[in-house]
Amino acid sequence: VRVGLALRARLSPPEAAEAAPRRVEVIRLAPRSFELVVPVAGTLEPVHSVDVFPKVPGKVVAMRVGLGDPVKAGQPLATVESTEYRLMADKAARGAAAAEEAAEVARRELQRLRQVREKLGDKGVSDSDWDQARARVEGAVAQARLARLDEDLARQMIRNATMTAPVDGVVSAVNARLGGMVGKEYPAFHVVDASSLVLRCEVGAADLPRVAPGQAVRLRADTLPGRELAGEVRAVSPALDAWTRRAPVEIAVPNPDGAIPGNLFVRGGIRVATFEDALVLPVEALRRQGDRATVQVVRDGRVAEATVTERGRRGAEVAVAGLSPGDLVVLPGPAHLAEGEVVEPVVREGD
């Protein structure tokens, strides 16, 4: 009997050792504040950026400002030679004076005829002579008005010979040179008003219903490390572009001290909602099956599937509903986990 039992023990296969539970990385959910933002990016432009062209082409005879000078709307920038226009104005003024004198002579003649007609009636002045006198007065008055218009036009051309600032701001480019020629093909100056900046960007169809004027915006520029720029949504288009399916949005950024340079490239987000007690997951933890979103959780040492609803995304994070504080959410790993599988959860550091 002893020999038989020993032989059976020797020939029998060894009992299988129980496999150790698989270790999986998880995060432990805890409520925290979560801001839902719509990402934006673009060029932060001055609220006014205007090219100044000369209304009268010609040679620059006076330079009033230089690069970087602050200017007020209407302030002279440079003057173009206007000798011909001054001569035209003087000629038009003399012609206007002569036309007005002729009109006055015609009026006096008409007045004389009126007095004669009042005394003698139609016998003193015929209807034909009366009508001709009236026509001469009207023609002379019209000629005087035209002459004055010619004078006004010439004097306006003289005024146009001086280029002025269209807005309050700073001269950011000077292409005019004293003694050089300027024309309508190329701007002589460029004036910017950087007291307020505007970001003109676009948002997608999914984000458009969430964006509204007055929402706060936070922006950052690579050239201004460590500095956050505060802005506000100023305007939102009510419709999407037919080709891109995106809608224009304008964001205003105050810049009263001018410390932020114009035409700076920035990135940031529009704050469209804030959740005070949100349960936040990495986006990679979500699993999508059509319109249904699920995550894997560890409950009582086993893998289970839980359906969740997205409340909003921000970068690589997503706030969800359908879970509870303290739940252990499985992070994606190289191995497939089956529902009901026994696992050993390892909480990621910092969660």
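Above: the structure in question.
My aim in this report is to walk through the structure given alongside it, one point at a time.

Bringing the packing of aromatic side chains into the picture now. By the definition in use, this model includes zero aromatic pairs. Sitting over the face of the ring of Phe-275, Arg-311 holds its NZ or CZ atom 4.2 Å from the ring centroid.

Further remarks concern the sheet that holds strand S5 (residues 76–80). Sheet strands associate in pairs through backbone hydrogen bonding, adopting either a parallel or an antiparallel arrangement. Across the sheet, four strands lie side by side as S6-S5-S3-S8; this open sheet has antiparallel pairing. Two strands lie at the open edges of the sheet, namely strand S6 (162–164) and strand S8 (181–182), each paired on one side alone. Looking at chain direction, strand S3 (residues 58–63) and S5 are connected through three bridges and run antiparallel. Within the sheet, the bridge partner assigned to Val-60 lies in S5 and is Val-80.

Turning our eyes to something else, we now look at the side chain of Glu-35. Counting through the fold element by element, Glu-35 comes out in strand S2 (residues 32–52). Residue Glu-35 is classed as buried on the basis of its relative accessible area of 18%. Within polar-contact distance, the side chain of Glu-35 engages the side chain of Arg-218 at 2.3 Å. One polar contact links Glu-35 to Arg-271, side chain to side chain, over a distance of 3.2 Å. Those residues in contact with Glu-35 that sit more than four places away from it in its chain are Arg-218, Arg-271, Ala-273, Thr-274 and Arg-314.

Turning to the nonpolar core, a few remarks are in order. As a rule of thumb, nonpolar side chains are buried together in soluble globular proteins. By size, the foremost hydrophobic cluster in this structure holds 29 residues, and its most contacted members are Val-40, Leu-44, Leu-199, Leu-219, Ile-251, Val-266 and Ile-270. Those elements giving two or more residues to this core turn out to be S2, strand S9 (189–204), strand S10 (216–220), strand S11 (229–236), strand S12 (246–254) and strand S13 (264–282). Top element by residues in this core is S13. It accounts for seven residues. The residues touching Leu-199, leaving out its near neighbours within four places in the chain, are Val-40, Ala-41, Gly-42, Thr-43, Leu-44, Leu-219, Val-249, Glu-250, Ile-251 and Val-266.

Here the focus is the pattern of salt bridges. Overall, the coordinates contain 23 salt bridges when judged by the stated rule. As a salt-bridge pair, Glu-310 and Arg-288 come within 2.5 Å of each other at their nearest N and O atoms. Within this pair, whereas Glu-310 is found in strand S16 (residues 302–314), its partner Arg-288 is found in strand S14 (residues 287–289), the two being separated by 22 residues in sequence. Residue Glu-310 is classed as partly exposed on the basis of its relative accessible area of 26%.

With that settled, consider the pairing of S13. Across 12 bridges, the pairing between S2 and S13 is antiparallel. Note on S13: the bridge partner recorded for Phe-34 is Phe-275.

Take helix H2 (residues 83–120) next. Taking 1.5 Å per residue, 38 residues should reach 56 Å; H2 reaches 56 Å between its end C-alpha atoms and fits that length. Within the span of H2, buried status applies to Ala-89, Ala-92, Ala-93, Ala-96, Ala-99, Ala-103, Ala-106, Leu-110 and Leu-113.

Attention now goes to the environment of Pro-256. Inspection of the secondary structure assignment puts Pro-256 in the loop between S12 and S13. Owing to a relative accessible area of 74%, Pro-256 belongs among the exposed residues under this scheme. Along the backbone, Pro-256 and Leu-197 are 59 residues apart, and their C-alpha atoms lie at a distance of 9.6 Å.

You can see Asp-193 is positioned in strand S9. Although Asp-193 is buried, it forms no salt bridge, and the closest oppositely charged side chain is Lys-72 at an N-O distance of 9.1 Å. Non-local contacts of Asp-193, meaning those with residues more than four positions away in its chain, are made with Pro-46, Val-47, His-48, Asp-168 and Gly-169.

On to the environment of Leu-36. With respect to the helices and strands, Leu-36 occurs in strand S2. Spatially, the C-alpha atom of Leu-36 lies 6.0 Å from that of Thr-274, the residues being 238 residues apart in sequence. Dropping the residues within four chain positions of it, Leu-36 is found in contact with Arg-210, Ile-270, Arg-271, Val-272, Ala-273, Phe-275, Arg-311, Gly-312 and Arg-313.

The next point concerns the environment of Leu-199. As for its placement among the helices and strands, Leu-199 is situated in strand S9. On the basis of relative accessible area, Leu-199 is assigned to the buried category, the value being 0%. Residues Leu-199 and Val-297, spaced 98 residues apart in sequence, show a C-alpha to C-alpha distance of 42 Å.

Conventions and cut-offs
- Residues numbered from 1 in each chain as written.
- Predicted model: local features only at pLDDT ≥ 70, side-chain atom pairs only at ≥ 80, totals over all residues.
- Heavy atoms only, no water.
- Phe/Tyr/Trp six-rings, centres within 6.5 Å; stacked < 30°, edge-to-face > 60°.
- Lys NZ or Arg CZ within 6 Å of the ring centre and 35° of its normal.
- Pairing = 2+ DSSP bridges.
- Helix = DSSP H or I, 4+ residues; strand = E, 2+ residues; numbered from the N terminus.
- Buried < 20%, exposed > 50% of the residue type's maximum accessible area, 1.4 Å probe, protein only.
- Polar contact = N/O pair within 3.5 Å; in protein donor to acceptor, adjacent residues only side chain to side chain.
- Contact = heavy atoms within 4.5 Å.
- Core = buried A, V, L, I, M, F, W, Y, C linked by side-chain atoms within 4.5 Å.
- Salt bridge = Lys/Arg side-chain N within 4 Å of Asp/Glu carboxyl O.
- Expected span 1.5 Å × (residues − 1).
- Lys, Arg positive; Asp, Glu negative; His and termini not counted.

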